[in-house]
Number of protein chains: 2
Amino acid sequence: MSATASRPTLEAVAERAGVSRATVSRVVNGAHGVRAALAERVRRAVEELGYVPNQAARSLVTRRHDAVAVVAAEPETRVFADPYFAQQLRGISKELTAHDNQLVLLLTEGREDHARVGRYLAGGHVDGALVFSLHLDDPLPGLVRDAGVPTVFGGRPGWDDGRDDVVYVDSDNRGGARDAVRHLAGLGRTRIAHITGPLDQTSAADRLAGFRDVRAGADPGLVARGDFTSGGGERAMRELLARCPDLDAVFAANDLTAAGALRVLRERGRRVPDDVAVVGFDDMLPVAEQTDPPLTTVRQDIEGMGRLMARLLLRGPDRGAGAEESTATAPDTPSGVVLPTTLIRRASA
Amino acid sequence: MSATASRPTLEAVAERAGVSRATVSRVVNGAHGVRAALAERVRRAVEELGYVPNQAARSLVTRRHDAVAVVAAEPETRVFADPYFAQQLRGISKELTAHDNQLVLLLTEGREDHARVGRYLAGGHVDGALVFSLHLDDPLPGLVRDAGVPTVFGGRPGWDDGRDDVVYVDSDNRGGARDAVRHLAGLGRTRIAHITGPLDQTSAADRLAGFRDVRAGADPGLVARGDFTSGGGERAMRELLARCPDLDAVFAANDLTAAGALRVLRERGRRVPDDVAVVGFDDMLPVAEQTDPPLTTVRQDIEGMGRLMARLLLRGPDRGAGAEESTATAPDTPSGVVLPTTLIRRASA
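Every chain is numbered on its own, with residues counted from 1 as its sequence reads. Numbering of ligands from 1 and lettering of chains from A proceed in the order in which they are written. Selection of residues for local features in this predicted model requires a pLDDT of at least 70, selection of side-chain atom pairs for listing and counting requires 80 or more, and totals for whole chains, interfaces and linings are taken over all residues. To obtain the side-chain values, all non-hydrogen atoms of the structure were included, while hydrogens and water were left out.

By the naming in an unreviewed UniProt entry, chain A is LacI family DNA-binding transcriptional regulator, taken from Streptomyces lancefieldiae.

1. Looking at the overall build of chain A
For chain A, the count of helices and strands is 15 helices and 12 strands. Expressed as a percentage of the 349 residues in chain A, the buried residues total 55%. The contacts of chain A with a sequence gap of at least 6 include a subset with a gap of at least 24, amounting to 72%. Helix and strand labels come from DSSP, where a helix needs a run of H or I of at least four residues and a strand needs a run of E of at least two; each type is numbered from the N terminus. The buried label goes to any residue with under 20% of its type's maximum accessible area, the exposed label to any with over 50%, and the partly exposed label to all in between, with areas taken from a 1.4 Å probe on protein chains only. Whether two residues are in contact is decided by their heavy atoms, any of which lying within 4.5 Å being enough.

2. Things to note about the relation of the copies chain A and chain B
In this arrangement, two copies of a chain are superimposed by a rotation about an axis accompanied by a shift along the axis. Mapping chain A onto chain B calls for a rotation angle of 179 degrees and an axial translation of 0.1 Å; the resulting RMSD is 0.3 Å. Each copy turns onto its partner about a two-fold axis. If distances are taken from each C-alpha of chain A to the rotation axis, the shortest is found for Leu105(A), at 2.5 Å. Of the interface residues in chain A, 100% have counterparts in chain B that sit at the interface too, so the contact is made through matching surfaces. Least squares is used to superpose the copies, and the fit set is the C-alpha atoms of residues whose pLDDT is at least 70 in both copies.

3. Some points on the pattern of salt bridges
Salt bridge, as applied in this entry: a Lys or Arg side-chain nitrogen positioned within 4 Å of an Asp or Glu carboxyl oxygen. All chains considered together, the criterion is met by 46 salt bridges over all chains. Note that Asp292(A) is salt-bridged to Arg266(A), the shortest N-O span being 3.7 Å. Highlighted residues: Asp292(A) in the loop between α14 (287-290) and β10 (296-299) and Arg266(A) in helix α13 (residues 255-267), separated in sequence by 26 residues. Classification of Arg266(A) by relative accessible area gives partly exposed; the value is 43%. Look at the salt bridges and you will find they share partners, linking Asp100(A), Asp113(B), Arg116(B) and Arg119(B) into a network.

4. A word on the nonpolar core
Within this scheme, the nonpolar core is defined by two criteria: the residues are buried Ala, Val, Leu, Ile, Met, Phe, Trp, Tyr or Cys, and they are joined through side-chain atoms within 4.5 Å. The biggest cluster of nonpolar side chains holds 54 residues, and the ones touching the most others in it are Phe80(A), Leu105(A), Leu130(A), Phe80(B) and Leu105(B). Of all hydrophobic cores here, the second largest spans 40 residues; its members include Leu134(A), Ala69(B), Val104(B) and Val126(B).

5. Focus on the sheet that holds strand β10 (residues 296-299) of chain B
All names here are of chain B. The criterion for strand pairing is that DSSP finds at least two bridges linking the strands in question. Taken together, the six strands give an open sheet; going across it, the order is β7-β6-β8-β9-β10-β12, and neighbouring strands pair in mixed fashion. The strands lining the two open edges of the sheet, one partner per strand, are β7 (223-225) and β12 (342-344). The sheet shows a mean angle of 20 degrees between the axes of neighbouring strands, direction not considered. Of the pairings in the sheet, the one linking strand β8 (residues 249-252) to strand β9 (residues 277-282) comprises three bridges and is parallel in character. When the bridges of β9 are listed, Ala249 appears paired with Ala277. Seen against the sheet, helix α10 (residues 173-186) touches β6 (192-196), β8, β9, β10 and β12 and runs at an angle of roughly 165 degrees to β9. Structural elements are reduced to axes, namely lines fitted to C-alpha atoms, with helices fitted over the stretch in contact, and the angle between N-to-C directions of any two is expressed from 0 to 180 degrees.

6. Details of the packing of aromatic side chains
Each pair of aromatic rings taken from Phe, Tyr and Trp, with Trp reduced to its six-membered ring, is defined by centres within 6.5 Å and is described as stacked if the planes are under 30 degrees apart, edge-to-face if over 60, and tilted in the remaining cases. Across all of its chains, the model carries seven aromatic pairs over all chains by this definition. Centroid distance Phe80(A) to Phe80(B): 4.2 Å. Interplanar angle 15 degrees. Geometry classified as stacked. Linking Phe80(A) in helix α6 (residues 76-81) with Phe80(B) in helix α6 (residues 76-81), this pair reaches from one chain into another. Classification of Phe80(B) by relative accessible area gives buried; the value is 10%. Relative to Phe281(B), the ring of Phe251(B) lies with its centre 6.5 Å away and its plane at 55 degrees, an arrangement referred to as tilted. Taken together, the positions of Phe251(B) in strand β8 and Phe281(B) in strand β9 put the pair 30 residues apart, joining distant regions of the chain. Here Phe251(B) and Phe281(B) have matching classes, each one buried. Each member of the aromatic cluster is reached from another via a ring pair, and the members are Phe80(A), Phe85(A), Phe132(A), Phe80(B), Phe85(B) and Phe132(B). The ring of Phe281(B) carries Arg207(B) above its face, with NZ or CZ at 3.9 Å from the centroid. Placement of a charge over a ring requires the Lys NZ or Arg CZ to be within 6 Å of the ring centre, with the centre-to-atom vector within 35 degrees of the ring normal.

7. Points about helix α8 (residues 114-122) of chain A
Every buried residue belonging to α8(A) is among His114(A), Arg116(A), Val117(A), Gly118(A), Tyr120(A) and Leu121(A), and all of these are buried. Downstream of α8(A) by a residue or two, Gly124(A) has a phi angle that is positive, lying close to 80 degrees.

8. Let's talk about the environment of Ala252(A)
All names here are of chain A. Following the sequence through the fold, Ala252 ends up in strand β8 (residues 249-252). The spatial distance from the C-alpha of Ala252 to the C-alpha of Thr196 is 6.6 Å, given a sequence separation of 56 residues. With residues up to four places along the chain from it excluded, the contact list for Ala252 reads Ile195, Thr257, Ala258, Val279, Gly280 and Phe281.

9. Focus: the interface of chain A and chain B
Listed by partner, the interface residues are 37 residues for chain A and 38 residues for chain B. Of the charged contacts in the structure, one is a salt bridge between Arg116(A) and Asp100(B), with a shortest N-O distance of 3.2 Å. Pairing of N or O atoms within 3.5 Å defines a polar contact, subject to two protein rules: one partner must be a possible hydrogen donor and the other a possible acceptor, and residues neighboring in sequence count only if both atoms are side-chain atoms. The tally of links from chain A across to chain B stands at 19 residue pairs in polar contact (both at pLDDT 80 or more). The set of elements that each furnish at least two residues to the side of chain A that touches chain B consists of α5 (55-62), α6, α7 (83-98), β2 (102-107) and α8 of chain A. Sorting elements by how many residues they give to the side of chain A that touches chain B places α7(A) first, with seven residues. Ten residue types, Ala, Val, Leu, Ile, Met, Phe, Trp, Tyr, Cys and Pro, are classed as nonpolar, four, Asp, Glu, Lys and Arg, as charged, and the remainder, Gly among them, as polar. For the side of chain A that touches chain B, the per-class residue count stands at 15 nonpolar, 12 polar and 10 charged. Across five bridges, β2(A) lies against strand β2 (residues 102-107) of chain B in antiparallel orientation. What sits directly across from Leu106(A), in β2(B), is Val104(B).

10. A short note on the pairing of strand β1 (residues 67-72) of chain A
Residues and elements named next belong to chain A. Summarising burial for β1: six of the six residues are buried, a large majority. The side-chain alternation of β1 yields two buried faces, one formed by Ala67, Ala69 and Val71 and the other by Val68, Val70 and Ala72. With five bridges joining them, β1 and β2 adopt parallel strand pairing. Directly across from Val70, in β2, lies its bridge partner Leu105. Note: β1 against strand β3 (residues 128-132), five bridges, orientation parallel. Bridging from a neighbouring strand, Ala69 pairs with Ala129 of β3.

11. Observations regarding the packing of helix α10 (residues 173-186) of chain A against helix α11 (residues 202-214) of chain A
Residues and elements named next belong to chain A. At a minimum axis separation of 7 Å, α10 and α11 run at an interaxial angle of 40 degrees. Accordingly, the angle class assigned to the pair α10 and α11 is oblique. α10 and α11 meet at a crossing whose hand is right-handed. In contact with Asn173, Arg174, Ala177, Arg178, Val181 and Arg182 of α10, α11 contributes Ser203, Asp206, Arg207, Ala209, Gly210, Phe211, Asp213 and Val214. Class assignment for the residues of the contact of α10 with α11 results in five nonpolar, three polar and six charged. Any angle that falls under 35 degrees is termed roughly parallel, while one over 145 is termed roughly antiparallel, one within 65 to 115 roughly perpendicular, and all others oblique. In this scheme the handedness of a crossing depends on how the near helix is turned from the far one: anticlockwise by less than a right angle means left-handed, clockwise means right-handed.

12. So, unusual backbone geometry
Cis geometry marks the peptide bond from Leu285(A) to Pro286(A), where omega comes out at 5 degrees. Topologically, Pro286(A) is positioned in the loop between β9 (277-282) and α14. With an omega dihedral of -5 degrees, the bond running from Asp292(B) to Pro293(B) counts as a cis peptide bond. Tracing the backbone through its elements, the reader meets Pro293(B) in the loop between α14 (287-290) and β10. The backbone phi angle of Asp66(B) is positive, close to 55 degrees, even though this residue is not glycine. If you trace the backbone, Asp66(B) turns up in the loop between α5 (55-62) and β1 (67-72). For Asp283(B), which is not glycine, the phi torsion reads 55 degrees and is therefore positive.

Here is the structure:
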C-alpha cells in the first residue's frame, strides 16, 4: 500500500497547472464550466505527473452511482421539523425513484459539520447534489463547488460571484408577494403591515421586495422582522400592534408566521378579516386550512419544485439516457428556473 | 478499461471457494462472523484467481469513509411523519457527529426500492449501516447481509436463521409491558384490555407477550389489534367497547394508540382514570404530556437507543481508535443489547 502513499496528489496537479483544486477536480470528473485552455493545462499536468485520480473521482468518470445527495444547510432537528422541506423532499424522492436513483440525505448537527458534508460529496459517492436552505454567509456553496459534483440549488442562492453556471429552482417570491399586497390593497386596506422572514435568505428578502414594490414609501413601522416560525409571527404581531395600532392588514412572509399573527390578533380581540385582513405565503397544508379563519395565501408548488430540481440534475449533460423526457417541462439550458405562484382565497382576506 | 471487464469477479471467487457471495464480501471487507476455515478457503480462492476487489470493497479495507448509512424500511413519507424515528435519529446524529462521521440517510418510496438500497450499501459508500423498522417478511435484512457492511439493527429482528452475529439494540418491550399491566392490576382493575401494535414487528409482539405474561387466560375479547397510530387506537377502542363494555383498563401498545383510545373514551363519556384507566408505551413527548388526562406510560430511552446503535457500530473491531470510550456503557461482545424501561405515572392510571 506504500505505492498509494507516494502517488501524485490532486494538490500536486493543481500546483503544476497553476489552478485551484476545484478546477482539477472538475476537469477530472468531466464536469462543465471550465475554460478549454484551463482544462488543457490540467490534462497536461495530469499526464506529466502520472496522476491517477483516486477511486472516487475515477468512478465518477467510468460509471454512475445512481445516487443523488440531498443536503439541507440546517441542523437535523430543524430539517425533520420543517413541513416545507418534507414536502420538497417528497417531490425529490418520487422523481429520483422514478429514475431508480437512490436518495442520499446528508444530515448534520450544524454548520460546523459542513466541511464533512463537502468531503462526502467529493468522495465519489453520488452523481450530484440538491442543496437547500442557504443562508447568505453559509460556507456550504463553496464546499459543494469544490466537491466538483453537479449541483442544483433549492431557492435562488444569495451569493453573487459572477458565475453564470449556477442552476437553481425557485418560486416567484417577489411576484407572489406583490399579488398578496395588491389583493389587500384591492380590499381597500390602507395600513398594510408586513412580517418578514429571516432576511439572510433570498426567499424572505424577495418577498419583502415584492411588498415594497407595491407599498413604496410605506411607514417603515409597518414592517416587522419574523423568522418563518409561528412563534416569530406572534412576536412580530405584538410589536406591530404596539407600534401601529391602526393597521388594517398583514402580509405574513409564510403561513406559519400568519398562523402566529392570527393567534395574537384573536387574543387582542381584532376580528379577521373585518378589522385586520391577513395573507400568508406557501399554502402549506394542513396549516393554511386549519387556521381560524382559514388563510388566504400565496400558493407555491413545493413538491413540484423538488421534482423539478431532481429532474434538472438527472438530465444534466453527463446523464445521457433518460434526459429527453423532461425537456418539455424545463427550459433548455436553465440557470434559474422560477415557478409561478397563485393567490388562494380563503376567509382571512 | 477492457482489462477491468476480464478481471475475475466476486462471483467467480465465491464459486471457486464454494461459498456465498456474501461470505466472500465479508472476508474481503475484513468483517467478522465468518468461520476461520471458510475465510481461509476464500483467501485461497482470491489468490488463485488473482481477484482484485473492486474499488468499493478495496476502499473499505484501505480506508474509512467516515460515513454511516441509516436505513428505515418504511416509505419516506412515514419516516418523516414518525416522531419515534426522528428521536432515534437525533441520538444517532449526535453520536456520529461526535465522532466526525457523516450520517447518510437512505430514503425510499417503498419496499420495491430496497434492492437499490442494498446496492448502495454494497457500493463502498459507507462504513456501516443502522437499520430500522423491520417487518417479518421484509427482504431488507437479507439485502443488507449480502452488502457485507457491518450492521446494527434498531429493534430485535424478527427472523431467526440461527445466526448469532446479529447485533441489535432494543428496549425491554416485554418487561415494560408487564410493568404496565401489573400497575393496572395493582389499581384493582380486573377487566384489563390491550390494544396491540402491528404484530409483524417484534416490538408489538413482545408487548403483547408481556400483557399475556401477567393476564394469562384473560378473555381474548379484551385484545384488539392496532397499528401504532392514533387512528388505529380509536378504531380498536370502539371495537373493545362494543365487545367488552365492562372493561375498566386499557394498556395501549404505544402513546399514539393511547391518545386515540382516550379520545374515544371521552367521546363515550367514560371518565379516565375513574371508569377506565389507560397506560401507554414510549413516553413520546409532547404527546404523552398533552393528552387529556396526561398519560401514564412506559418510558423507553429512544434517543439513547439511537446513540447506542451508533456507538456499537463505531466501536466495531474494524474501527480501532475511538472505540475505547464507549465500552463502559455497552457489553463486550453484544449480540442484542436490551435497555430497561421505566413506568412514568401521570393522571391516566
